[in-house]
Amino acid sequence: MSLKNKLHDLKMKYKGTKMAPAFNALHTFLYMPNDVTHSGTHVKAADDLKRTMNTVILALVPCLIFGIFNAGYQHYAAIDQTLRLDPLGNFFTWENLTLGAWTVLPLVIVSYVVGLGVEFVFATIKGHEVEEGYLVTGMLVPLIIPIDTPIWMLVIAVIFGVILGKEVFGGTGMNILNPALTIRAFLFFAYPTWMSGDKVWVHGAVERDALISAGSNLDAISGETILGTYAQNQEPIYSVMDMFYGFIPGSVGETSTILILLGGLFLLYTKVASWRIMLSAILGALTMGLLFNGVVDAGWIKEGSNFFGLMSVPFWEHLIIGGLAFGIVYMATDPVTGSQTNKGKWYYGFFIGFISVMIRVFNPAYPEGVFLAILLMNVFAPTIDHYVIQGNIKKRMKRIKIKTA
Amino acid sequence: MALLSKKDRALILDPLADNNPITIQVLGICSALAITAQLKASIVMALSVLFVLAVGNVVISLIRNIIPSKIRIIVQLIVVAALVIIVDQVLKAYAYELSKQLSVFIGLIITNCIIMGRFEAFALANGPWKSFLDGIGNALGYSVILIIVGFFRELLGSGTLLGIQVLGDPITKTGLYAIGYENNGFMLLSPMALIVIGIIIWVQRSRNSKLIEEN
């Protein structure tokens, strides 16, 4: 008997009981259901929610694999700076892979096990089907947190984010805020020392610091992100190509702009993500960047001022440092929490880019603002849609009046 | 409980759960968000409101027949303001550190919606004894929520209860901190107080489905 039939039998056996949604989810996640509709005409389409989710996950896999290598690379490069002279040659090595897998995969597994656990519990309590919403969230979460985030913090944050970011609103499709970003925001506000600074982005830096303060004779590992370096009015040691390819410290999966770009193109090709949001968000970020560059060029801000470093970042460089590209491609385009109207998407995206760069420059505690900007615009998305729709209604009413007059 | 009749008992017990001023009527939220980061401050705040509401209710009830209804809000405000000043002065005299910590929030008891709400809704229409019981009941209902929220926020946010380190010392790494536990800084911020109150409301309504409004 095949696995498919076994799952089908299990499903039948538990039909009508409390555990039914769990078995149903397992079955339909892996296979087409055995039952076929017999009466009436039905439109058959392959792009149901599960396929949509799987497409996004496929687009995320390159970022995950790169993130695994990068975790190892950053660790060894921090100990031996000469590795940075030839990033490409020292990147895809066996040591990087093993160390990266050892540190990144637990985050992925914990994120999925805990998140899906919460989903199954809620589905059982409420007696509805298990929803697929967590599939993408579970993959996004490990990619947007620092590599050394303690596992128990991740567990608490995932439980918090899934319950209060999604389940209280009614589950997948009903949430106002992006659950992955809710989890990130919870971690950021609850445990700020693990989410920012120059120690958390490189594996082992925190532990090594503790050993040094305990008296060990070791070199400290410092892994300041590029944004962090700029925030201290210093020039980063990484070249633009390093930033574009992603050989830089940062959250696990957000560093490689080129892979995010490829993933974004894949999402656009499969029509899963909205090109309007992506394009307008990029425009928004460039606009804000240009404004800041203009302020610097006009000499309105003195060198040595707190914001000078970040303000003088070339406007296009904002796109390839930090999590902006990742946020725009994978999270701003979330169809549930974003704007629904085509016109609304332009405003929604534009302000995400605009506000991201603004927070980046003006937030002294934490030189990154993408997740805050997206959460803020998530809240405003329904308002934007409301005004777009009202505007359309008014326009049509006017047209009727002119015709009938 | 022969001391109180069944009706009187309801006056005290109802606001504790099924007619709670915070979780059901959603009044007095601001102070519940602002000062609950520590259990001690929550308790002092609860006691202050208990005093102001119980005494205020009695005073308003006693003079309810001679207050001209056109200026009754002003009269009520004067009564609350007088009582709040008494509380403020007592705190400054006997618990100076705490009063500094609570700062303007003691003064802001005047604007606490629960107090004006009970004056308007109850004390103006009932006798002093009943008003007294109503004041005690509502203040206790307020206190219960404040203390629950303060308990969780202080325990998870600072790892202490009433200033005593119950989870170990975070600096010398004893107790829970020895195995890597850390305080949740989010708990100290007001948004988390709102979320905690939201969770309390959620739990309460899922236990008693009569409380869920139909729409």
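Residues numbered from 1 in each chain as written. Chains lettered and ligands numbered in written order. Predicted model: local features only at pLDDT ≥ 70, side-chain atom pairs only at ≥ 80, totals over all residues.

Participant: Honestly, the overall build of chain A in this entry has me stumped. Any pointers?
Facilitator: The helix and strand tally for chain A stands at 17 helices and zero strands. Scaling as 2.2 N^0.38, a compact globule of 405 residues should have a C-alpha radius of gyration of about 22 Å, and chain A matches this with 23 Å. Along the three orthogonal principal directions, the C-alpha set of chain A runs to about 70 × 70 × 35 Å. (Helix = DSSP H or I, 4+ residues; strand = E, 2+ residues; numbered from the N terminus. Rg over C-alpha atoms; globule rule 2.2 N^0.38 Å.)

Participant: What exactly am I supposed to notice about the overall build of chain B here?
Facilitator: Helix and strand counts for chain B come out as nine helices and two strands. Listing every helix and strand of chain B by position from the N terminus yields α-α-α-α-α-α-α-α-β-β-α.

Participant: I keep staring at the environment of Arg184 of chain A and nothing clicks. Help me out?
Facilitator: Residue and element names in this part refer to chain A. With respect to the helices and strands, the residue Arg184 is situated in helix H7 (residues 179-190). C-alpha separation for the pair Arg184 and Val158, spaced 26 residues apart in sequence, amounts to 8.9 Å. Arg184 has contacts with Ile144, Ile145 and Phe371, leaving out every residue within four places of it along the chain. (Contact = placed C-beta atoms within 7 Å.)

Participant: What is the right way to read the interface of chain B and chain A from this model?
Facilitator: A common way to report how large an interface is uses the accessible area buried once the components associate. Contact residues are listed per partner, giving seven residues for chain B and seven residues for chain A. Class assignment of the residues belonging to the side of chain B that touches chain A gives a composition of three nonpolar, three polar and one charged. (Nonpolar A, V, L, I, M, F, W, Y, C, P; charged D, E, K, R; others polar.)

Participant: Is there a simple way to think about the nonpolar core in this case?
Facilitator: Looking at soluble globular proteins, one finds that nonpolar side chains tend to be buried together. Of all hydrophobic cores here, the largest spans 141 residues; its most connected members are Leu140, Leu187, Ala281, Ile328, Ile352 and Ile374 of chain A together with Val52 of chain B. Here the element with the most residues in this core is helix H3 (residues 49-79) of chain A; it accounts for twelve residues. If sequence neighbours within four positions are ignored, Leu140 of chain A has contacts with Ala180, Tyr330 and Met331 of chain A. (Core = buried A, V, L, I, M, F, W, Y, C linked by C-beta atoms within 7 Å. Buried ≥ 20, exposed ≤ 12 C-beta atoms within 10 Å, placed from the backbone.)

Participant: Can you walk me through unusual backbone geometry in this structure?
Facilitator: Residues other than glycine predominantly adopt negative phi, and peptide bonds predominantly adopt the trans conformation. Residues and elements named next belong to chain A. Within the chain, Lys271 stands out as a residue other than glycine whose phi angle is a positive 60°. Turning to its location among the elements, Lys271 is positioned in the loop between helix H12 (257-269) and helix H13 (275-297). Its 11 C-beta neighbours within 10 Å are what place Lys271 among the exposed residues.

Participant: In this structure, what is going on with the environment of Tyr245 of chain A? I would like to understand it.
Facilitator: Residues and elements named next belong to chain A. Tracing the sequence through the fold places Tyr245 in helix H11 (residues 240-245). Taking the C-alpha atoms as reference, Tyr245 lies 9.3 Å from Leu88; in sequence the two are 157 residues apart. Excluding anything up to four places from it in sequence, Tyr245 contacts Ser256 and Ile258.

Participant: Before we go on, may I ask you to explain the packing of H3 of chain A against H12 of chain A in this structure?
Facilitator: To describe two helices that pack against each other, one gives the angle between their axes and the distance between the axes. Residue and element names in this part refer to chain A. Running from amino to carboxyl end, H3 crosses H12 at an angle of 170°, the nearest separation of the two axes being 9 Å. Accordingly, the angle class assigned to the pair H3 and H12 is roughly antiparallel. Together, Val56, Ala59, Leu60, Pro62, Cys63 and Phe66 of H3 and Leu259, Ile260, Leu262, Gly263, Phe266 and Leu267 of H12 make up the contact between the two elements. Split by residue class, the contact of H3 with H12 holds eleven nonpolar, one polar and no charged. (Axes fitted to C-alpha atoms, helices over the stretch in contact; angles between N-to-C directions. Parallel < 35°, antiparallel > 145°, perpendicular 65-115°, else oblique.)

Participant: Help me understand the environment of Ala41 of chain B, please; the structure alone is not making it clear to me.
Facilitator: By the secondary structure assignment, Ala41 of chain B is in helix H3 (residues 39-62). Discounting chain neighbours no more than four positions away, the residues touching Ala41 of chain B are Ile35, Leu98, Gln101 and Leu102 of chain B.

Participant: Looking at this model, I keep getting lost on the packing of helix H8 (residues 128-158) of chain B against helix H9 (residues 190-207) of chain B. Mind explaining?
Facilitator: Residues and elements named next belong to chain B. Their axes nearest at 10 Å, the elements H8 and H9 cross at an angle of 125°. Classed by the angle they form, the pair H8 and H9 counts as oblique. By crossing handedness, the relation of H8 to H9 is classed as right-handed. Contacts between H8 and H9 involve Ile145, Ile148, Val149, Phe152 and Arg153 from the first element and Met192, Ala193, Val196, Ile197 and Ile200 from the second. (Left-handed = near helix turned anticlockwise from the far one by under 90°.)

Participant: Could you clarify how one ought to interpret H13 of chain A in this entry?
Facilitator: For the α-helix, the turn length of 3.6 residues means that residues three or four positions removed from each other point alike. Residues and elements named next belong to chain A. The end-to-end C-alpha separation of H13 is 32 Å, in line with the 33 Å expected for 23 residues at 1.5 Å each. Here the buried face of H13 lies against H12, helix H14 (308-311), helix H15 (324-331) and helix H16 (342-362). Just downstream of H13 lies Gly299, where phi reads positive at about 75°. (Expected span 1.5 Å × (residues − 1).)

All we've got here are geometric facts, nothing functional implied.
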